Amino acid sequence: MSPQPQAAVGAPLSRVDGRLKVTGKALYAAEHDVDGAVHAVIVDASIGRGRITSLDTGAAEKAAGVLRVISHRNAPKLPYRDNAGSNNPPGRRLRVFQDDRVFFHGQPVAVVVATTLEAAQHGASLVEVRYDGEQPSTDLTEAEPGEPTNYARGDAEAGLRSSAVRLDLTYRLARNHHNPMEPHATIARWDGNKLTIWDKTQWVMGTRDELAAVFDLPAESVRVINPFVGGGFGSGLRCWPHTVVAALAARETGRPIKLVLSRRQMYFGTGFRPSYAYRLRLGSDRRGRLNAAIHDMDAETSSYETFVEATGAPGQMLYSMPNVSQAYRQVPLDVNTPIWMRGPGFATGSFVIESAMDELAHELGIDPIELRRRNEPDQDPSNDLPFSTRRLRECYTVGAREFGWHRRAPRPRGRREGDWLIGMGMAAGVYHSGSNAAEARVRLDADGTALVETAASDMGPGTYTSQTQVAADALGLSVRSVTFRLGDSLYPPTPPHGGSQTMASVGSAVLDGCDKVRRQAIKLAVEDRESPLYGVAADDVVVRNGRLHVQGNPARGETYKSLLARNNRSHLEVRGSYTGPSRPERHSISAYNATFAEVAVDATLGLVRVRRMLGVYDAGRIISPKLADSQAIGGIVGGIGQALLEHTVTDHRDGRIVNANLADYLVPVNADVPDVKAIYLNGEDHEADPLGVKGLGEVVLVGVAPAIANAVFNATGRRIRELPITAEALL
């Protein structure tokens, strides 16, 4: 078959939804105009563990505008049937308003429904709750871990004993919160036994399935709508209690309910990147060839659910090493449940491994890049599968050249500019390239335009634009002739919008559907005696700008519009699909990067300023360079936050989060973001998926924090093994 011309894919197009966003016409979860909607405000538990002994709602119920106060005292018992298809972690779930138990500070204990937001807020302030409180366990270092999940190859203890060089290092990483611009919000409306939800979610199908399970409804009786998501970073990857509360309140009051979490409530109403205590023992020979590693990881989870992320994955496959053992222990605490946050697991594991590699390089007197080159594996050591592509060596070469690595002082404190100590550091990064089954509905209309629908989400990476680019090229249309819709559970199903899988999964389904429609049109033309293409081999026909023509002979052809009109067809329509990766796996498929950082550290005050950063990525085919740059800049900024600023602080006396606001929980601002550059290695990975993409959204954050930490060491000679790096740690 002749290759279909590509005009949109690979072009740095502006976002197709950009005008809607900058003019305020893009509707987010709380902005939909639902007739008759009233407001709800959650009352949060003020203790970290215990039971409710009394709940006085009298004053609230008498307040002007208040319609109803719902708590465990008057809420109906919900079935919460098991549902393997939902997006909740395994465990008991938090069954809101079903009993008097309190599992964490901030847990919903009541909800006030009122005619206005102000009335609901005032009513919530009047609810008086008394508790039989217990001392909560919220300190990772003081709690008892659960049974470990283990991984092993070789004999790590023996390998460590036989190693000429041994390091024994302990790292601590603070809890991080996502803090997207849009707060989490839900509007819920019942029509008989049918529930419609406008929700901030990164997985419309998972939220639909969870609500169906909670209220014991058929899945088709729940509709979830979210055309726009104002940032997520993973916080919308499950159905949170407030969504259930909104649906419950709507059913009990018979009114549509709007419930918006405050910024403070988002610190315990949704999840977070869990804190870690991570010990790594590493052994090598004198030439830097790694021999053994022993990883002991303690990660916080909630007492009522189990949360796990792939923190051990980088230590299993990033470097060639015969002897590895890992123990991952969940530490149940009286907190709400963690959730995946950008670069989940891999960002945590890479900070430890890449910091340790820098320590080893310093110990041996070897350049950090050279040490990594000496330990580059030929195949995935965790499963003995060949790599689909793994171009880390090229990432190192390109990055070192473009960043000016040769100017790095080989010894710490070797470069100074006035009061500022200047250092350079680097780190490798990896993130597995996941994909899952997805579907898309594609319709080509008689006017020569196309409509593509799929139940994906877009939290900011540009899904509307990238999918439009794929569809336009596959159909042979201009971008302006394609309309792409997402964010509705009535559309064909897709996997979660997270884990860097949307382009691979949804994009492959869109490609399949558009290819099928194009071929359907070509078949119609070559079999139509009145068509200029009659009798031409279908494989010799391509489409460009809505016109079918013979490859190499553009004069012989016709438009979609004329073809469909002559055949009295109002449209052509198919359902595209992608079945997911091959099973069993034939290759190890991941995206890789090399991240470089230059920092300046005030020698007197210990202040760290990032001066410039560079990321070089092996991420397969780049659909949109402009969107890719946006992804890379966002990931690097997130990594700067993880390295230097972000730290959720808990008062262990009662489980209260002390800095549950953007004044005290620091995230990077423009002044913190330096000169940032991204480079993408040319290439496609068709072992990964039909599009040849690998996913970019996660890997751009992985490796940023250790690159900064290694630069800080190069500047100061101080090795910081705790995130975030503070001025106090450097004094």
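Provided above is the structure to which this section pertains.
The notes below deal with the structure included here. (Residues numbered from 1 in each chain as written. Predicted model: local features only at pLDDT ≥ 70, side-chain atom pairs only at ≥ 80, totals over all residues. Heavy atoms only, no water.)

Description of the sheet that holds strand E6 (residues 128-133)
Sheet architecture is open: three strands sit in the order E4-E2-E6, paired in antiparallel fashion. Strands at the two margins of the open sheet, each flanked by one partner only, are strand E4 (101-102) and E6. Sheet analysis places strand E2 (residues 50-56) next to E6, joined by six bridges and oriented antiparallel. In the sheet register, Ile-52 faces E6, and the bridge partner there is Tyr-131. (Pairing = 2+ DSSP bridges. Helix = DSSP H or I, 4+ residues; strand = E, 2+ residues; numbered from the N terminus.)

What to know about the pattern of salt bridges
Applying the stated criterion to the full structure yields 47 salt bridges. A salt bridge links Arg-566 to Glu-558; the shortest N-O distance between them is 2.7 Å. The class of Arg-566 is partly exposed, set by a relative accessible area of 28%. Three or more residues are tied together by salt bridges with common partners; here these are Glu-157, Arg-281, Asp-296, Asp-298 and Arg-329. (Salt bridge = Lys/Arg side-chain N within 4 Å of Asp/Glu carboxyl O. Buried < 20%, exposed > 50% of the residue type's maximum accessible area, 1.4 Å probe, protein only.)

A look at the packing of aromatic side chains
The tally for this structure, following the rule as stated, stands at 15 aromatic pairs. Measuring from centroid to centroid gives 5.9 Å for Phe-104 and Tyr-304, while their planes differ by 20°, and the two rings are stacked. Here the residue Phe-104 occupies a position in the loop between E4 and strand E5 (108-114), and Tyr-304 occupies one in the loop between strand E14 (290-302) and helix H8 (313-317), the gap between them amounting to 200 residues. Of the two residues examined, Phe-104 and Tyr-304, each falls in the buried class. Ring centres 6.4 Å apart and planes at 90° place the aromatic pair Phe-387 and Tyr-592 in the edge-to-face group. Separated by 205 residues along the polypeptide, Phe-387 in the loop between helix H10 (368-374) and helix H11 (392-403) and Tyr-592 in strand E25 (residues 590-602) bring together distant segments of the chain. (Phe/Tyr/Trp six-rings, centres within 6.5 Å; stacked < 30°, edge-to-face > 60°.)

Overview of the sheet that holds strand E9 (residues 185-191)
As summarised here, the arrangement of the seven strands in space is E3-E5-E1-E12-E9-E10-E11, forming an open sheet in which the pairing is mixed. Edge positions in the open sheet fall to strand E3 (66-71) and strand E11 (222-225), since each of these has one partner strand only. Each adjacent strand pair in this sheet contributes to an overall mean axis angle of 20°, direction not counted. Bridging between E9 and strand E10 (residues 194-199) involves six bridges; their strand directions are antiparallel. Bridged to Asp-191 within E10 is Lys-194. With respect to the sheet, helix H5 (residues 204-214) is in contact with E10 and E11, its orientation differing from that of E11 by roughly 145°. This element, helix H6 (residues 241-253), spans strand E1 (38-44), E3, E5, E9, E10 and strand E12 (257-260) of the sheet and lies at about 35° to E9. (Axes fitted to C-alpha atoms, helices over the stretch in contact; angles between N-to-C directions. Contact = heavy atoms within 4.5 Å.)

What about the environment of Asn-179?
Position of Asn-179 relative to the elements: it lies in the loop between strand E8 (165-173) and E9. C-alpha separation for the pair Asn-179 and Ala-619, spaced 440 residues apart in sequence, amounts to 27 Å. Aside from chain neighbours lying at most four places away, what touches Asn-179 is Phe-233, Arg-263, Tyr-267, Leu-662 and Tyr-665. A distance of 3.3 Å separates polar atoms of two side chains, one belonging to Asn-179 and the other to Arg-263. In this structure the side chain of Asn-179 is engaged in a polar contact, spanning 2.9 Å, whose partner is the side chain of Tyr-267. (Polar contact = N/O pair within 3.5 Å; in protein donor to acceptor, adjacent residues only side chain to side chain.)

A short note on the packing of helix H15 (residues 625-644) against helix H16 (residues 704-716)
Packing of H15 against H16 brings their axes to within 8 Å, and their N-to-C directions diverge by 55°. Taken together, H15 and H16 sit at an angle that is classed as oblique. Classified by chirality, the crossing of H16 by H15 is right-handed. For the pair H15 and H16, contact is made by Gly-635, Ile-636, Gly-639, Ile-640, Gln-642, Ala-643 and Leu-644 and by Val-704, Ala-705 and Ile-708, respectively. Across the contact of H15 with H16, the residue classes break down as seven nonpolar, three polar and no charged. (Parallel < 35°, antiparallel > 145°, perpendicular 65-115°, else oblique. Left-handed = near helix turned anticlockwise from the far one by under 90°. Nonpolar A, V, L, I, M, F, W, Y, C, P; charged D, E, K, R; others polar.)

Some words on the nonpolar core
In terms of nonpolar packing, the biggest core is built from 92 residues, with Val-599, Tyr-617 and Ile-708 touching the most fellow members. Those residues in contact with Tyr-617, other than ones at most four positions away along the chain, are Cys-395, Tyr-592, Asn-593, Ala-632, Ile-636, Ala-678, Ile-679, Tyr-680, Leu-681, Leu-696, Val-699 and Val-700. Counting 50 residues, the second largest nonpolar core, distinct from the first, contains Val-9, Ala-440, Leu-548 and Val-693. (Core = buried A, V, L, I, M, F, W, Y, C linked by side-chain atoms within 4.5 Å.)

Here's the deal with the side chain of Arg-273
Here Arg-273 is to be found in the loop between helix H7 (266-269) and strand E13 (276-284). Buried charged residue Arg-273 carries no salt bridge. Nearest counter-charge: Glu-309, at 5.5 Å. In this structure the side chain of Arg-273 is engaged in a polar contact, spanning 3.4 Å, whose partner is the backbone oxygen of Met-341. Here the side chain of Arg-273 touches Arg-342 through a polar contact of 2.9 Å, landing on its backbone oxygen. (Lys, Arg positive; Asp, Glu negative; His and termini not counted.)

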